[in-house]
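# Fold and contact review
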Amino acid sequence: MRRGFGPPAGPDPLRVAETPLPLESYGDRQGYDPRFILPDQPLPLPGPGRWADDLVDLVPEARDPGGDGTEIRYTHFSVRMSRSRGLPLYSACNIDGSRSRRGLPRSDVWRRDPRIDPQVQNLREGYGQDHQGLFSRGHLTRREDPNWGAPEIARQADADTFHITNAAPQRQGFNGGIWLALEDYVLDNADRANLKVTVITGPMLSAGDPVYYNRQIPTAFWKILAFVHDETGELTTIGYRRSQMDYLPRPAGGRFVFGDFRDSQVPIRAIAQESGLELAAYAALDVMAGASPEMEVAVARATDFYLSR
């Protein structure tokens, strides 16, 4: 079973549901829990930073009186969207490894979310078969991560990950690699009594991103993981960056674009600078907190990651 950062869209990459689910069917979604790992040491959702004026708002009928009107809540994860790019800024997920139900069959039907403007939710344009130069709908919160708890809750979580709000265009060749194993590796090295991990994933959105099929395509992605370290017992974070430059198709009439596609562990401060998001709470716990933002550690396998200072 394929899992990970950018799973394929299924046997039929154009399999979508054009009609959204009823708005009222989302009333029970609790979303990301800041106190999931340690109740007395909350980890808030990333702040919008330079994207503050670009966030997609929920429709009035879907707004929680206690929320800010931009957090799109799903089962065990939450998303915030950029209006100008029509893409998620990030997807933040709580994983309970001790209650995982990763054997569930794929829901495998992509759909829009009725709680936000449909005009910022691209279901079809640019997506399709890899050999045609098209893109996969790449999960940000990977399909199996929120699938834990009671069976009906896990099945709902699986279906929730197939909202287009949780996807960004990714080339099929970019789907594998360390990204498939990183969360599992961290869970394997987490405190045995607290098999909980928070994972936040997003695209690096830049004004200079190349255009394919009338849309700007992100060339790099980032991931932050938070967990209780097995040896120190302390809340710990690590940052990861990956580029898909070398997987991008040749633009019509243009040259191939080559770039560094290494998997790299990077300071979370660097992710904050490049993404434009506010990540101070995570940067303070980073194993690379003392490193220069320009520091980059190339990794060839999950075991190459530094999990402690």
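Residue positions within a chain follow its written sequence, with the count starting from 1. Local features are withheld for residues below a pLDDT of 70 in this predicted model, meaning they are given only at 70 or higher, and side-chain atom pairs are given and counted only at 80 or more; totals for whole chains, interfaces and linings count all residues. Neither water nor hydrogens contribute to the side-chain values; these are computed over all heavy atoms in the structure.

Before going further, it helps to examine the pattern of salt bridges. Basic side-chain nitrogens of Lys or Arg form a salt bridge, by our definition, when they fall within 4 Å of a carboxyl oxygen of Asp or Glu. With the rule as written, the count across this model stands at 19 salt bridges. For R29, the salt bridge is made with D28, and the minimal N-O distance between the two is 2.8 Å. Here R29 falls in the buried class, since its relative accessible area comes to 9%. Accessible area is worked out with a 1.4 Å probe on protein chains only. A residue is then buried under 20% of its type maximum, exposed over 50%, and partly exposed in between. Judged by its relative accessible area of 42%, D28 is partly exposed.

At least two bridges found by DSSP between two strands are what make those strands a pair. Numbered from the N terminus, helices here are DSSP runs of H or I no shorter than four residues, and strands are runs of E no shorter than two. On the basis of which strands lie adjacent, the open sheet formed by eight strands has the order 2-3-4-8-11-12-13-14 and antiparallel pairing. Each of the sheet's edge strands pairs with one partner strand only, and the pair in question is strand 2 (72-73) and strand 14 (297-299). Sheet analysis places strand 12 (residues 235-243) next to strand 13 (residues 263-265), joined by three bridges and oriented antiparallel. Across the sheet, the residue bridging to Y240 is Q265, located in strand 13. Note on contacts: a residue pair qualifies if any of its non-hydrogen atoms lie within 4.5 Å across the two residues. In this description, a line fitted to the C-alpha atoms serves as the axis of each element, helices being fitted only across the stretch in contact, and the angle between N-to-C directions of two axes falls anywhere from 0 to 180 degrees. Where helix 3 (residues 268-275) meets the sheet, it contacts strand 11 (220-228) and strand 12, and its direction lies at approximately 50° from that of strand 12.

Mapped onto the present numbering, the UniProt feature "active site" (unreviewed entry) falls at H139. Note that H139 resides in strand 6 (residues 136-139). Judged by relative accessible area, H139 falls into the buried class, the value being 0%. UniProt positions are given in the numbering used here, feature names are shortened, and annotations may be inferred rather than shown by experiment.

This part is about the pairing of strand 4 (residues 87-96). Burial of strand 4 is extensive: 10 of the 10 residues sit out of reach of the surface. Sheet analysis places strand 3 (residues 77-82) next to strand 4, joined by six bridges and oriented antiparallel. Following the sheet pairing, V79 is matched in strand 4 by S91. Following strand 3, the chain reverses through four residues before pairing antiparallel with strand 4; G86 in that reversal takes a positive phi of roughly 60°. In the sheet, strand 4 pairs with strand 8 (residues 196-203) via six bridges, with the strands oriented antiparallel.

Across the nine residues of strand 11, nine count as buried, placing the element largely inside the fold. Taking every second residue as pointing to the same face, both faces of strand 11 are buried, with A220, W222, I224, A226 and V228 on one and F221, K223, L225 and F227 on the other. Here strand 11 pairs with strand 12 via nine bridges, running antiparallel. Among the inter-strand pairings, W222 is bridged to a residue of strand 12, identified as R241. Hairpin geometry of strand 11 and strand 12 is characterised by an intervening segment of six residues between the two adjacent antiparallel strands and by a positive phi of about 70° at G233.

Before going further, it helps to examine the side chain of T198. By secondary structure assignment, the location of T198 is in strand 8. Classification of T198 by relative accessible area gives buried; the value is 2%. By the criterion applied in these results, polar contacts are pairs of N or O atoms within 3.5 Å in which, for protein atoms, one can donate a hydrogen and the other can accept it, and in which residues neighboring in sequence qualify only through two side-chain atoms. A distance of 3.2 Å separates a polar atom in the side chain of T198 from a polar atom in the side chain of N94. Those residues in contact with T198 that lie beyond four places of it in its chain are Y32, F36, I37, C93, N94, I224, L225 and A226.

What follows deals with the environment of A154. By the secondary structure assignment, A154 is in helix 1 (residues 151-160). Separated by 54 residues in the primary sequence, A154 and S100 place their C-alpha atoms 8.3 Å from one another. If near-sequence neighbours (up to four positions away) are discounted, A154 is found in contact with R101, L104, N147 and W148.

With respect to the helices and strands, the residue P60 is situated in the loop between strand 1 (16-17) and strand 2. A sequence separation of 55 residues divides P60 from R115, and the C-alpha atoms of the two residues are 8.6 Å apart.

Every buried residue of helix 1 is accounted for by A154, A157, D158 and D160. Buried positions in helix 1, seen along its axis, are confined to an arc of 160° and lie on one side of it. What the arc measures is the spread of directions leading from the helix axis to the C-beta atoms.

What follows deals with the nonpolar core. Residue types Ala, Val, Leu, Ile, Met, Phe, Trp, Tyr and Cys, when buried and joined through side-chain atoms within 4.5 Å, form a set referred to as a nonpolar core. Residues I238 and F305 are the most contacted members of the largest nonpolar core, which totals 67 residues. Take this core: its biggest share by element is eight residues, from strand 11. With near-sequence residues (within four places) excluded, F305 lies in contact with I178, L182, Y185, I238, G239, Y240, Q265 and V299. Core analysis: the next-biggest nonpolar cluster, separate from the first, contains 12 residues, V16, Y127, F135 and I217 among them.

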